[in-house]
Amino acid sequence: MGERDDPGTIGRRVQRLRAERGLTQRQLAEPVYTPAYVSTLESGRVRPSDDALRHLAGRLGVAFDELATGRSARLVTELRLRLTEAQRLFAVGEAEAAAEQYAELLVEAETQGLAGEQAAALLGLGECALETGELVAGRQYFERAEACLAGAPLPARVPALRGRAVAHYLAGELRYAVYLLETTLDELNRGGLHDPDALLLLYASAIGPYMDMGAHARAAQAAEFALALAPQSGDPALVARMHRSVARTLVAEGRLAEADASLAKAAELYRALQVRTELAICHWMRGYVYARDGRLERAEAELREALGMLSARRAALYGSQVAVELADVLHRRGKSDEAAALLHGVLDGLSPERGAVHSAAAHRLLGIIAEDARRTEDAEEHYVRALSLLERAGTAGDLADLCRLLGDLLRRTGRVEAALDAYRTGLGHRTAPGTTTLGPAPAQPPL
């Protein structure tokens, strides 16, 4: 027997519908039941069986679910169709319109008492908030979605858990993001809950924070698992996201041609799905690949394309990340003034609580530009600011690199002891990338 209202509520509903249709208790009851049974039911003194409710629903001309729960099947279907439309709006780049629709649907789902639809609307609002850089609001939406799904199996709760982890990651809280993803993976794998879509979503989402923390071996392993799970997934958008994430590990390993091929597959899938943010991120990652391979002109073109697409979508945080990559390419092409202007624009839109890792990257590059222009004090100020941001985020590899830059600057200006302190700090972060901040790896899927 499924979820239904209490006998008193059902009795009052039957009485109201019977009165609206001008039926007597005898007309409603016959030929299967007695008027006395209907009277007892309407007074809430008996819990009707499913068979009784089906009979009454047929006589009253309503659906069984509507009589048992008060929810119109037609209205529920329409609500689900509108949820699909909101998902489409988000996919084609209209995040604000999608958020408005999700907010309306959330109110309706709450009124109808539809936990699954409430969770879907909250997940949509969370994704819209991440898109526009409202990380605190996004995290709260994902937390509410988890609460709606509290009684559901873990695979059903994975999108909300993953959304919360991404919100923490984008805020620079890398260790906590990894903790959320790894504990969920561990619970899924140890519990035998081998849902391919859930596992693929988690492994693909873990690659970014692993890379930023310098845990390249663990990132490569997550990419390997994601690739093995991809053929089992029925979600092309998820497979496309996986290809984009895997490309990061391939770049780190110097396998640039393979990374480019992986990104091309992702872009093809996103074009077919019209998911413009993900397509923009593919252009971004291709630009990243070309930059690492020294093809700076092509890198600039890809990154400008990505930035234009993300700016049109008002995807603030992703746009800021792309802008930092583009500024690096512009600086390497001798366009340092344009690069600096772009970076100052990035810093105006970020804060330590909102995009700390990418604020640090902007300060690092501004330090390099200032050092090239022999503005030593400005360079040191930018390096120190970047160091403070990265220490909060725990990005081991980036911290080591920054300590080297700061140490070199201090040594050139005659502050040898301070330079040695900076180098020692950097060596401490470089000793065992990923192992100083991460515990044991989660249980592995049975591939």
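Let me sum up the structure you'll find in this document. Note that this is a predicted model, so its numbers are computed, not measured.

**Brief notes about the overall build of the chain**
- Helices and strands together make up the secondary structure of the chain, namely 23 helices and 0 strands.
- Expressed as a percentage of its 447 residues, the buried residues of the chain come to 51%.
- Pairs at least 24 residues apart make up 60% of the contacts formed inside the chain by residues separated by at least 6 positions.
- Carbon and sulfur atoms make up 50% of the accessible area of the chain, which totals about 20,100 Å².

**Remarks on the packing of helix 7 (residues 95-112) against helix 8 (residues 115-131)**
- Contact geometry for helix 7 and helix 8: axes closest at 8 Å, N-to-C directions at 155 degrees. Here helix 7 is positioned roughly antiparallel relative to helix 8, judged by the angle of their axes. Viewed along their axes, helix 7 and helix 8 form a crossing whose handedness is left-handed. Residue-level inspection shows Ala 95, Ala 98, Ala 99, Tyr 102, Ala 103, Leu 105, Leu 106, Ala 109 and Glu 110 of helix 7 in contact with helix 8, the latter providing Glu 117, Gln 118, Ala 120, Ala 121, Leu 122, Gly 124, Leu 125, Cys 128 and Glu 131.
- When grouped by side-chain class, the residues that make up the contact of helix 7 with helix 8 number 13 nonpolar, 2 polar and 3 charged.

**Points about unusual backbone geometry**
- In the segment running from Glu 30 into Pro 31, the intervening peptide bond is cis, with an omega of 5 degrees.
- Of note, Pro 31 is situated in the loop between helix 2 (25-29) and helix 3 (35-42).
- The phi dihedral of Arg 374 is positive, around 65 degrees, even though this residue is not glycine.
- Inspection of the secondary structure puts Arg 374 in the loop between helix 20 (356-372) and helix 21 (376-393).

**Some points on the nonpolar core**
- Counting residues in each nonpolar core, the largest one holds 101 residues, and the members touching the most others are Tyr 102, Tyr 203, Met 242 and Leu 343.
- The biggest single contributor to this core is helix 12 (residues 196-213), with 12 residues.
- Those residues in contact with Tyr 203 that lie beyond four places of it in its chain are Leu 185, Asn 189, Ala 222, Phe 225, Ala 226, Leu 229, Ala 443, Gln 444 and Pro 445.
- Core analysis: the second largest hydrophobic core is formed by 19 residues, Ile 368, Leu 387, Leu 405 and Ala 419 among them.

**Comments concerning the pattern of salt bridges**
- The tally for this structure, following the rule as stated, stands at 28 salt bridges.
- A salt bridge links Glu 20 to Arg 16, with the shortest nitrogen-to-oxygen separation between them at 3.2 Å. Pair noted here: Glu 20 and Arg 16 are both in helix 1 (residues 7-20), with a separation of 4 residues, about one helical turn.
- Taking the relative accessible area as the measure of exposure, Glu 20 reaches 53% and is therefore exposed.
- Residues participating in the shared-partner salt-bridge network are Glu 300, Arg 304, Arg 333, Lys 335 and Glu 338.

**Focus: the environment of Glu 380**
- Structurally, the position occupied by Glu 380 is in helix 21.
- The exposure class assigned to Glu 380 is partly exposed, which follows from its relative accessible area of 22%.
- In sequence terms Glu 380 and Gly 367 are 13 residues apart; their C-alpha atoms lie 6.7 Å from each other.

**Describing the packing of helix 11 (residues 174-190) against helix 12**
- In the contact formed by helix 11 and helix 12, the axes pass within 9 Å of each other and the chain directions differ by 150 degrees. Classified by the interaxial angle, the pair formed by helix 11 and helix 12 is roughly antiparallel. Where helix 11 crosses over helix 12, the handedness of that crossing is left-handed. Residues Leu 174, Arg 175, Val 178, Leu 181, Glu 182, Thr 184, Leu 185, Leu 188 and Asn 189 of helix 11 form the contact with helix 12, whose participating residues are Ala 198, Leu 199, Leu 202, Tyr 203, Ser 205, Ala 206, Pro 209, Tyr 210, Asp 212 and Met 213.
- Partitioning the contact of helix 11 with helix 12 into residue classes produces 13 nonpolar, 3 polar and 3 charged.

**Overview of the packing of aromatic side chains**
- Applying the stated rule across the entire model yields 3 aromatic pairs.
- With 5.8 Å between their ring centres and 25 degrees between their planes, Tyr 176 and Tyr 179 make a pair best called stacked. One end of the pair, Tyr 176, and the other, Tyr 179, are both in helix 11, 3 residues apart, so they sit about a helical turn from each other.
- Here the aromatic rings of Tyr 203 and Phe 225 are separated by 5.2 Å at their centres, their planes lie at 55 degrees, and the arrangement is tilted. Linking Tyr 203 in helix 12 with Phe 225 in helix 13 (residues 216-229), this pair joins segments that are 22 residues apart in sequence.

**Thoughts on the environment of Ala 150**
- Within the secondary structure, Ala 150 sits in the loop between helix 9 (135-148) and helix 10 (154-170).
- Put simply, Ala 150 and Ala 115 are 35 residues apart on the chain and 9.8 Å apart in space, counted from C-alpha to C-alpha.

**Some thoughts on helix 19 (residues 336-348)**
- Between its terminal C-alpha atoms helix 19 stretches 18 Å, which fits the 18 Å expected from 13 residues at 1.5 Å a residue.
- Within helix 19 the residues assigned to the buried category are Ala 339, Ala 340, Leu 343, Val 346 and Leu 347. Seen end-on, helix 19 carries its buried residues on one side only, within an arc spanning 115 degrees. Of the residues in helix 19, the exposed ones pointing more than 90 degrees away from the buried face are Asp 337, Ala 341 and Asp 348.

Rules used in this analysis
- Residues numbered from 1 in each chain as written.
- Predicted model: local features only at pLDDT ≥ 70, side-chain atom pairs only at ≥ 80, totals over all residues.
- Heavy atoms only, no water.
- Helix = DSSP H or I, 4+ residues; strand = E, 2+ residues; numbered from the N terminus.
- Buried < 20%, exposed > 50% of the residue type's maximum accessible area, 1.4 Å probe, protein only.
- Contact = heavy atoms within 4.5 Å.
- Areas by Shrake-Rupley, 256 points an atom, 1.4 Å probe, with all protein chains shown as cover.
- Axes fitted to C-alpha atoms, helices over the stretch in contact; angles between N-to-C directions.
- Parallel < 35°, antiparallel > 145°, perpendicular 65-115°, else oblique.
- Left-handed = near helix turned anticlockwise from the far one by under 90°.
- Nonpolar A, V, L, I, M, F, W, Y, C, P; charged D, E, K, R; others polar.
- Core = buried A, V, L, I, M, F, W, Y, C linked by side-chain atoms within 4.5 Å.
- Salt bridge = Lys/Arg side-chain N within 4 Å of Asp/Glu carboxyl O.
- Phe/Tyr/Trp six-rings, centres within 6.5 Å; stacked < 30°, edge-to-face > 60°.
- Expected span 1.5 Å × (residues − 1).
- Arc of directions from axis to C-beta.

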